[in-house]
Amino acid sequence: MNTDHAEDPQRQRLREQLEAIFIRTEKAAPWHDEAARLRGLVNHEGYVPVRTKLAGEDLDFLAGARDELLRFSELGLRLLDLHQPRDAGGITSDAAHPILRCRSCMWRWPCPTFRAMSESFGTSQESTVPESA
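Here's what I pulled together on the structure shown here. From a predicted model like this one, the values you see are computed outputs, not experimental measurements.

### Some points on the overall build of the protein chain
Here comes step 1: Within the protein chain, the regular secondary structure consists of four helices and four strands.
Here comes step 2: Tracing the protein chain from N to C terminus, the helices and strands come up as α-α-β-β-α-β-β-α.
Here comes step 3: Burial analysis of the protein chain (133 residues in total) assigns 29% to the buried set.
Here comes step 4: Once local pairs closer than 6 in sequence are excluded, the contacts in the protein chain between residues at least 24 apart make up 55%.
Here comes step 5: Summed over its atoms, the accessible surface of the protein chain is roughly 9,100 Å², and 54% of this surface lies on carbon and sulfur atoms.

Below is the structure:
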């Protein structure tokens, strides 16, 4: 079975999205210390009186969001590395469009894991598998 083929454009867009999230998150300042400092400013209505209303739940989210988003985007990249197409090696009448299977789960490409990731990140729904007549 041949594993050398052109990169799937939809998979490449998803990788670029996940890498961009990871890079932006890495560059962002952690809110851990700021959230703790702002917690002391929560008024009797439950908000920090700044230009926007910050509830205690908002501060809890901001305190851990950077670390959680880093872990989440890393997971997405690792899943994307696991679930990628490979030539299934079968006989086909269209040599330009070989049958592809997922390298990890061996489902027909695009596999359910890749489709779920693609749908979740809002990438284009254009087909990566040629339509069969």
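### A look at the environment of V42
Here comes step 1: Of note, V42 is situated in the loop between α2 (32-39) and β1 (47-49).
Here comes step 2: For V42, a relative accessible area of 29% translates into the label partly exposed.
Here comes step 3: C-alpha separation for the pair V42 and L59, spaced 17 residues apart in sequence, amounts to 9.8 Å.
Here comes step 4: Not counting chain neighbours up to four residues away, the residues in contact with V42 comprise Y47, V48 and L59.

### Considerations on the nonpolar core
Here comes step 1: In terms of nonpolar packing, the biggest core is built from twelve residues, these being L14, L18, I21, L77, L80, L100, C102, W109, C111, F114, M117 and F121.
Here comes step 2: Those elements that provide at least two residues to this core are α1 (9-27), α3 (56-82), β4 (100-102) and α4 (112-120).
Here comes step 3: Among the elements that line this core, the one with the most residues is α1, at three residues.
Here comes step 4: Not counting residues up to four positions away in its chain, the partners in contact with L18 are S73, G76, L77, L80, M117 and F121.
Here comes step 5: Residues A35, L38, L59 and A63 belong to the second largest nonpolar core, which totals six residues.

Reading guide: rules and limits
- Residues numbered from 1 in each chain as written.
- Predicted model: local features only at pLDDT ≥ 70, side-chain atom pairs only at ≥ 80, totals over all residues.
- Heavy atoms only, no water.
- Helix = DSSP H or I, 4+ residues; strand = E, 2+ residues; numbered from the N terminus.
- Buried < 20%, exposed > 50% of the residue type's maximum accessible area, 1.4 Å probe, protein only.
- Contact = heavy atoms within 4.5 Å.
- Areas by Shrake-Rupley, 256 points an atom, 1.4 Å probe, with all protein chains shown as cover.
- Core = buried A, V, L, I, M, F, W, Y, C linked by side-chain atoms within 4.5 Å.

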